[in-house]
Structure formats: C-alpha cells, structure tokens
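Structure at a glance
Listed below are the residues making up each chain.
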Amino acid sequence: MAKLHFERPNIKKLNVGISNKFGSKTEFEPITEIDGVDIKELIVKYGSPLFIISEKTIRETYREAKQTFENRFPKVQFAWSYKTNYLDAVCKVFHQEGSWAEVVSRFEYEKALENGMPGNKIIFNGPDKTEDDLKIAIENKSFIHIDHFDELYSIMNLAEHLKKKPKVAIRVNMDTGVYPMWDRFGFNYENGEAWEAINKILMNDKLELIGLHTHIGTFMLSANAYHIAASKLADLAFHIKKKYNHTIQYIDMGGGFASKNTLKGAYLSGLDTSPTFNDYAEAISSALLNSEIPPDSLPMLILETGRALIDDAGSLAGTVIAIKKLSDGRRSTIVDFGVNILFTSFWYEHKVTPAQGFTQYSETSSMYGPLCMNIDVIRETITLPPLKKGDNLVVSRIGAYNMTQWMQFITLRPKVVMIDSNGITHIIRNNELLKDVKGLESVPEHLKKINK
Amino acid sequence: MKINKKIAVSESGFVFDSSTGDSFSVNPSGIEIINLVRENKAEDDIRKILLDKYEVSVPVLEKSLSEFLGSLRIAKIIED
C-alpha cells in the first residue's frame, strides 16, 4: 500500500485578540501544475530552483492589454520592453504577437536585431548611447528617443556627417502629481526645457521629430498620473503643429503599469489595489481623445509596458532546504532560491505556495534564501502550512526583471523553461556551468603556481 | 513521557489546558503523535509507527518528531 504524504507536526498557541481587518489569508490551494505540467516532474527533470515561463499566459495577457487599448483608441502599438525580460524566446513571443522592441542599450539593441526586428521597429531609449550606437540606430532608421542635450548635439553632428535625417523623439519628464517625480530622464515639461529641445530640433531641420515620449515612473498605482502625462504630451503635440505646422506621428507613454504583485509595506494585496489595463487605457485614451488634437490627425499611441505583461507568466519553483527555529522561537524556512535570482524580493511580498497538498493548519515563518548573506530574505514573515526539508514551493508573478537583474553570486544560475501553448516544455536558457564563469577569467603567469 | 492530565484534545486538533486556560491548534500529524503518547508509546515506537505509515525519510521524521515533542514539553502538554 502506498504510504501517505507526511506533513510536519505542528502546534500553534491560539491567542484571542482583535481580528485583522485586512483579512490576510493563508495559503489555500497548492500549485501542483502550470499549464497542465506537473511541478514536481519539472523539478526532477530540470532541477531546483527552476524558472518556468508560460507562453500561453504571455499571449493571453498581451492580447487582453492590446484589445483593451484598441477598444478605446484607433492606433495602438506595443513595444516590448527588453529590460523587463530579454530572454530571446520571451521577446519572440511578443514579436510574434506584433510587438516592436524597446531597448535601452546596445546589448539590447543587438538582441532585438538578432530576434528579427527590423531597425524601423526598434525604439532606442536610455541615457547611454555612444556615437557608435547612435550611428547604427540612424543607419537602421530606428526611433531614437533623446534623453539629454549632449545626446541631441551628438545626433545633430552625426546627421550632418552621415548625410541622413535621423528619426527622433524627445523624452519628456513632468509633474504628474505623484511622488517622487521622475525627472532624471529626458527634458522637463514645466520648466520649458522640453520646448527648448523641440525648438532646436525643428528650427535646425537636421532631425525628423516624429514622436514624444514619457516614462513617468515604475509600478504606478495611480492611473490618473497617465491621464495627466498624456494630456501634457498631447498639448505639446498640438502646439508643435500650431507653431511649426509639424505633425507628431506618435505619443509614447512608456511603461510603468503595475502588475498584481504586492509591494512591501502595502496593507492590501496588489490583486486588490493595482489598476487594471482598463483603468490605464481609459486614463490615457480619454486624455488624448479629449485633447485639442483634431480627430483626423491623432498620433499613434505607443506603449512600452513590460512588467504588467510578463509578471504573471513567470513562476519560480524551488525546494525547502531546512526548517529552523530562531533564538526567539520564531520559525525560519530556508529555501534554495535567494535574492541572487529572485531580485524582486527586495520590492515585493511575493506569493509563495506549496507544490504539494497540505492541511488547513498553518504557521508563521521567515523565509530565507540559501546565500550566506544576511540580506538574503525572500519574505520577512509568511504564513504557510508546516513545511519540511524537500517540500517544493512555487513563487508566482516573477516574470519581470528577475531574469535580467539576477546575479551570479556564489553559485550558478538555474535553467529557465518555457511551457508552450500545447503544454510542451522547452529549455530557453540553460543552467550556467563553472566553465561559463571561469571562461571569462585569466590568471597572470606569476600567480599560476601556488605553494602546496 | 505522558500527557498532562489537565489537557483535553479534540479530534479536530483543538487542545485545551484546563489548568491555564491556554488553547492550541494542532495539525493531524501532531494529533496522531499526541494520541500515541496518550497510548504510552515511547519516542522510538512512535517513530517506527510513523515511518511505516508515511512517505518520509528517517532524518526528516526524527527532526520533526523531536522538535514537536520539544514544543509539547514547553507548552506543558506532555511531561516526562
């Protein structure tokens, strides 16, 4: 007869007190599969920890966002934010769905080209573009979003030298009523700097000003901030037409849409507080449609949202290494994934769910990663069923930023697999090997011999 | 090792200490262990019974059992 699943015995003292008005619940249902693929089988086959990407979820989320905006605005174009997740397979799914590429470095630019993006479907953002980067972007007819005057002058010089008219937009920062105001990127709207840049471009005629861009912040929990930003950009576009008889072809609202993750310190779950695509679409579309821009010359709306499109599609499966008691009796759970690969633990109260069945009993614990570092905290406090060494866990909504900001620290990064729309699993990034890391190193001749 | 006489244990996992008024919630495997102690089983016997019944390695079970019995002693639910 098959033996039964063992849950670690657990006793919890019951305290009478004021109930939690926010009603945070414990974990509830195990996550035993993703898109029909068994988590434990994935771990046996590919190892633990393991990043798992659901192609089906990417496509569904993208289509929902696109449809939501297209229901409200006539011309909408998404550009996949490479920095959010630039694994080629992930980028290709977005490109197949019709997304352009939005890149912020030469590395990302070349990745986009290799992913088959034509130059004229690549938006080049970011403060650090070398003359060589700009030259290639100009030759490829990419859209260069100018971040500062030094860059503007560089592009003007290159345009003269190359005898080309680069397609550019300016990045505009502004007060949208949220704190902190993001003013380190681009030209400021309120102090007239944005107009100064526009005047230089349009009076000079060396560059083709085709767009206006803004990126007002990250994880924006207020959709209204986008309404203010879109109104200000529409106002700029309208007055550019009036002053120079020049039509702005697109308004790029950047990214920053929140996912359903819960920020650290938040009282309520992100599921309840993050705006929906509907909220963002309504805020932006209404601002553009209600602006002074005539309906027959409305610009294209470009969106560079990354996090809200990919977070839900990513999961991290891992394993409990040990259960300990701290000096004050608190429980601590040590898992095999740390902040080195789950960078977003610094920002979010990640949802962590057991991958096997459990009873309704729970206990409160701290959850630490495997690094020999005090900062390696996945959750300061988490309420989970009693776990034991070898149990598996799934961290949900980790598709954004982790597979780009992860660190090769004291260990090697694990595999990333994608479950395709037919439920077939593919390795899309292999686990690192010691030789991958050591291959970049060299030891000077005089250090090669050591005394034994 | 025996159960404190002032302790009442329900099948659903509710444990009540009538001498202090403290109450506890215990999961099913914990209740099973308390009941085995009530049947005067020694720690070694309990270990064997659980190993036969559950899919668990010896080290994980030993650690879990020893820690749980320690918690029961601290809570004065069992005494030696």
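Parameters at a glance
Residues numbered from 1 in each chain as written. Chains lettered and ligands numbered in written order. Predicted model: local features only at pLDDT ≥ 70, side-chain atom pairs only at ≥ 80, totals over all residues. Domains from an automatic or database assignment. Contact = placed C-beta atoms within 7 Å. Helix = DSSP H or I, 4+ residues; strand = E, 2+ residues; numbered from the N terminus. Nonpolar A, V, L, I, M, F, W, Y, C, P; charged D, E, K, R; others polar. Pairing = 2+ DSSP bridges. Core = buried A, V, L, I, M, F, W, Y, C linked by C-beta atoms within 7 Å. Buried ≥ 20, exposed ≤ 12 C-beta atoms within 10 Å, placed from the backbone.

With respect to the domain arrangement of chain A
In many reports, interface size means the accessible area that the parts give up when they come together. Residues and elements named next belong to chain A. If you check the domain split of chain A, you get domain 1 (33-53 + 313-434) and domain 2 (55-311). If you average the C-alpha positions of domain 1 and of domain 2, the two centres end up 33 Å apart. Of the residues lining the interface, 20 residues belong to domain 1; the matching set on domain 2 comes to 23 residues. Elements with a contribution of two residues or more to the side of domain 1 that touches domain 2: helix 12 (402-405), strand 21 (416-419) and strand 22 (425-429). Looking at the side of domain 1 that touches domain 2, the element that brings in the most residues is strand 21, giving 3 residues.

With respect to the interface of chain B and chain A
The partner chain A presents 18 residues to the 20 residues of chain B that form the contact. Breaking the side of chain B that touches chain A down by element, the ones donating at least two residues are strand 4 (23-26), helix 1 (28-38), strand 5 (54-55) and helix 3 (58-74) of chain B. For the side of chain B that touches chain A, the element with the most residues is helix 3 of chain B, which contributes 5 residues. Tallied by class, residues from the side of chain B that touches chain A come to 10 nonpolar, 7 polar and 3 charged. With 2 bridges joining them, strand 1 (residues 4-5) of chain A and strand 5 of chain B adopt parallel strand pairing.

Here's the deal with the nonpolar core
Residue and element names in this part refer to chain A. In terms of nonpolar packing, the biggest core is built from 117 residues, with Tyr226, Ala230, Ile251 and Ile284 touching the most fellow members. When residues in this core are grouped by element, the largest group, 9 residues, is from helix 8 (residues 224-244). If you count residues domain by domain, this core takes at least three from each of domain 1 (33-53 + 313-434) and domain 2 (55-311). Filtering out sequence-adjacent residues up to four positions away, alanine 230 remains in contact with Ile251, Met253, Ile284, Ala287 and Leu288.

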